[in-house]
Amino acid sequence: MDRGRSGPFKAGQFVESDVSESVRNSIPNNPAYGFSRLGRLRAAGCHPTIYHRFIGFRNVFWFVFSDVKFMAFMTTHDETTGTSRFELSDGETVIGRHPDCDIVVEVGAVSRFHAKINKRANEFVLEDQGSRNGTFLNGQLISGEQILREGDRVRICEVELVFHSDTKPEFLEGGVAAMTFEGTRFGVTMVDDDPSDSSANSPISKVEFRSSADGLRISATAEAKLAALMKINANLSQALSLDAVLPKVLTSLFEIFPQADRGFVVMQDPGGNLIPRWVKTRRTRDETQSVRISRTIVKEAMNSGVAILSLDASNDQRFDSSQSIADFSIKSMICAPLIDADGHSFGALQIDSTEGRGQFREEDVDLLSGVAGQASILIRNAQLHERALQQQEVEQDLRLAIEVQAAFLPQEAPNVEGFRVCSYYQAAQYIGGDYFDYIPLPGGRWAIVVADVVGHGVAAAMFMAKLSAETRYCLAADPNIATAVERLNDRMSALKIERFVTFLLIVIDPSKRTAQIVNAGHMAPVVWASKTKTISEPGEEESGLPIAIDTGMTYEAVDLTMCSGDVAVLYTDGINEAMNSEDDLFSIERVRDLVAQGGGAQAIIDRIVKSVHEHIGDGVQDDDMCIVVIERTQDPIGEDLADTVRVDEEEPVTTV
């Protein structure tokens, strides 16, 4: 029946007559009409009189209305108590939790004086009173005053009130002659169903109604539950991402449990925090409002590892300490944990109702647990799929990083008269922390740098990029290479990054027979003197601390005499510390032996690299590898070679 058209009455009185029981029972039993089926059938608080008289046969009525006063009112509906009506006064109507309010809402989340409705001229105006959770009009949070119109819905927390104006009902506009009430057709309107409405085509067998001590209850039939489970299997088997899996799970649950008002999936993040991943509400207008979830229920289900059923969560002793449950007006609910293959809970799946007790039953627990078990597997699969996609993105980024790092390293060997320089570089991962560079200096000199940032991977590569830029700046700013390295150390130490760099610098000058070495915590170069057939490692004793440990360090430059045929080998610890399957190190001694076999720069590199890879065998390269070999191909023009031999003889050498 159309309750809006039958109209709310503030005043009226039914005059008894000889009316049959069937006729009296045909009058609707709803407080919104101002009538009841009790003997006198009159509304409380009558002002003037509504006269009802019976003419003709005992089952035919006609009514004479005089001096009827229609007033605005609010209605709310509950499955347990039915429809309640609250009349609005001509002045101010206050809504809240306090007993002095005109409309008392006994919900914990409602403020004591939550909102008010004022009548101004012929309009009623709604205004929030600074409440904690706000007042919503037709799904929108209000700020300031809002004029109410017929049918407007005012939502205060979980309570919804519908506004009805004080205009005369349409069925009275035609006068007394237009009012006919025959049989049981009182207030009944026939409405054509919209063919596009999917609900009109839904089979009746999808839901069933059962009466209980708490009133009429709705639930899905066994056929509907089976169909929904099959749909879950079909939908979820095709889903590969969480954003596709989770909404399908909740949509299917709403088909299995038509009594559910809300459903949501909560999952733990890596830090152990509970994060709502997807939320669904039964009514579309609820989507514009915030949905609050009780951590107490979710944690209880996850900690116990079993599904929880509560017919009245607000009065459940298991949740006595949770004020949030009372505030959220959670009544009946089921919460099932999401458990991985190792038996660890990583989230929860919950559906609940705010409409009353007894909405869910014991047999529903096993059903939701089964869905949660299936969803757990699919969610884990979706997470693995997402991680695989993320890994692909990381690998793509790393491939780009390889190109960027390659741009920092020398693209070709320097063209230095009287010298040949060759290099080899291989990162342990996509990118590494080993660094080498050829830097031109004033006067035709060249700086050859080999360095090793502690660690490897992206962080080491980024630190290496900074080192590259700072090295070029410091060498260009100071002609004294020892003080230039001191400046480099201070600038890198100022970054306050818990990383350090072993650093080896050799400056060669084609016009001189001597090179200069500055060592900051690196392995000394292995030098092969072709004339004396000896190996030396100059600058080892003069080595300072690695770069970026602390500011204020001092470094010393050491001279190295290089004659035609001499070779200096610079390398990082990825060479001498390379390990085989038995954890045996390649060792510096083997590096010395390979260098002592002589040959040109490229031949020495090929020999060392081949020997290292043979040593590693089927094992994994644990560290970055870098080798730079400086070969003197001819003596400087005008140099006294006799002096050169004399200087070499005075230096300590190691005979191989």
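Look up: the structure comes first, before these words.
About the criteria used
- Residue positions within a chain follow its written sequence, with the count starting from 1.
- Given that this is a predicted model, residues contribute local features only at a pLDDT of at least 70 and side-chain atom pairs are listed and counted only at 80 or more, while totals for whole chains, interfaces and linings are drawn from all residues.
- The side-chain figures draw on all heavy atoms in the structure; neither hydrogens nor water molecules are used.
- Residues belong to one nonpolar core when they are buried, are Ala, Val, Leu, Ile, Met, Phe, Trp, Tyr or Cys, and are joined through side-chain atoms within 4.5 Å.
- Only protein chains enter the accessibility calculation, which uses a 1.4 Å probe; a residue is then buried when its area is under 20% of its type maximum, exposed when over 50%, and partly exposed in between.
- The helix and strand labels rest on DSSP assignments: H or I over at least four residues marks a helix, E over at least two residues marks a strand, and numbering proceeds from the N terminus.
- Note on definitions: a residue-residue contact is assigned when non-hydrogen atoms from the two residues lie within 4.5 Å.
- Each polar contact in these results corresponds to two N or O atoms within 3.5 Å; when the atoms are within protein, one needs to be able to donate a hydrogen and the other to accept it, and residues that are neighboring in sequence are counted only if both atoms are side-chain atoms.
- Each patch is built from salt-bridge-free residues with over 30% relative accessible area, joining like charges within 9 Å and nonpolar side chains (Val, Leu, Ile, Met, Phe, Trp, Tyr) within 5 Å.
- Note that accessible areas follow from Shrake-Rupley with a 1.4 Å probe, and for residues the cover is restricted to the protein chains shown.
- Just to be clear on terms, a salt bridge is a Lys or Arg side-chain nitrogen sitting within 4 Å of an Asp or Glu carboxyl oxygen.
- Here a helix's expected span is defined as the number of its residues, less one, multiplied by 1.5 Å.
- In this context, the arc is that of the directions from the helix axis out to the C-beta atoms.
- Working convention: axes come from line fits to C-alpha atoms, limited for helices to the stretch in contact. Angles between N-to-C directions cover 0 to 180 degrees.
- In what follows, roughly perpendicular refers to angles from 65 to 115 degrees, roughly parallel to angles under 35, roughly antiparallel to angles over 145, and oblique to any angle outside these ranges.
- Put simply, a crossing is left-handed when the front helix is turned counterclockwise from the back one by less than a right angle, and right-handed when it is turned clockwise.
- In this classification, the charged set is Asp, Glu, Lys and Arg, the nonpolar set is Ala, Val, Leu, Ile, Met, Phe, Trp, Tyr, Cys and Pro, and all remaining amino acids, among them Gly, are polar.
- Two strands qualify as a pair provided that DSSP identifies no fewer than 2 bridges between them.

**Brief notes about the nonpolar core**
- Counting residues in each nonpolar core, the largest one holds 49 residues, and the members touching the most others are Phe503, Leu505, Ile508, Ile547, Val628 and Ile630.
- In terms of nonpolar packing, the next biggest core, distinct from the first, is built from 29 residues, Phe257, Ala307, Val365 and Ile379 among them.

**A closer look at helix H11 (residues 588-596)**
- Here H11 has its buried residues at Val591, Leu594, Val595 and Ala596.
- Packed against the buried residues of H11 are strand S27 (526-529), strand S28 (534-536), strand S30 (567-571), helix H10 (573-576) and helix H12 (601-616).
- A distance of 3.4 Å separates the backbone nitrogen of Arg590 from a side-chain oxygen at the start of H11, and that oxygen is part of Ser587.

**Points about a nonpolar patch on the surface**
- A surface patch of nonpolar side chains, amounting to about 310 Å² of accessible area, comprises Val454, Phe500, Leu545 and Ile549.
- Turning to its location among the elements, Phe500 is positioned in the loop between helix H9 (481-493) and strand S25 (501-508).

**A few points about H12**
- Over its 16 residues, H12 extends 23 Å from the first C-alpha to the last, a length consistent with the 22 Å expected when each residue adds 1.5 Å.
- Among all positions of H12, only Ala601, Ile604, Ile605, Ile608, Val609, Ser611, Val612, His615 and Ile616 are buried. The arc that holds every buried residue of H12, seen down its axis, measures 165°, which confines them to one face. Relative to its buried face, H12 has exposed residues pointing more than 90 degrees away, namely Lys610 and Glu614.
- Looking at the buried positions of H12, the neighbouring elements they touch are strand S22 (419-426), S30, H10, H11 and strand S31 (625-632).
- Of the residues flanking the end of H12, it is Gly617, one or two places downstream, whose phi is positive at about 65°.

**Focus on the packing of helix H7 (residues 362-408) against helix H8 (residues 458-477)**
- Direction vectors running N to C along H7 and H8 enclose 25°, while the axes themselves pass 11 Å from each other. One finds that H7 runs roughly parallel with respect to H8. Considering only the axes of H7 and H8, their crossing is left-handed. Touching Leu398, Gln405 and Phe408 of H7 are Val458, Ala461, Met464, Ala465 and Ser468, all from H8.
- By residue class, the composition of the contact of H7 with H8 is 6 nonpolar, 2 polar and no charged.

**Some words on the environment of Val629**
- Within the secondary structure, Val629 sits in strand S31.
- With 208 residues separating them along the chain, Val629 and Val421 place their C-alpha atoms 5.7 Å apart.
- Residues contacting Val629, with those up to four places away along its chain left out, are Arg420, Val421, Cys422, Val567, Ala568, Val569, Ala601, Ile604 and Ile605.

**Side note on the sheet that holds strand S8 (residues 123-128)**
- Pairing is mixed across the open sheet formed by 5 strands, whose spatial order is S6-S5-S7-S8-S11. Each end of this open sheet is capped by a strand with a single partner; those strands are strand S6 (103-104) and strand S11 (145-147).
- Pairing of S8 with S11 involves 3 bridges; the strand directions are antiparallel. When the sheet's bridge partners are listed, Val125 is paired in S11 with Ile147.

**What about the pairing of strand S3 (residues 73-78)?**
- In this sheet, strand S4 (residues 82-87) lies alongside S3 in antiparallel orientation, the contact comprising 6 bridges. Of the residues in S4, the one forming a bridge with His77 is Thr83.
- Sheet topology note: the S3/strand S13 (residues 159-164) ladder contains 3 bridges and is antiparallel. Note on S13: the bridge partner recorded for Phe73 is His164.

**A few points about the environment of Ala529**
- If you trace the backbone, Ala529 turns up in strand S27.
- Classification of Ala529 by relative accessible area gives buried; the value is 17%.

Keep in mind these values describe shape, not function.
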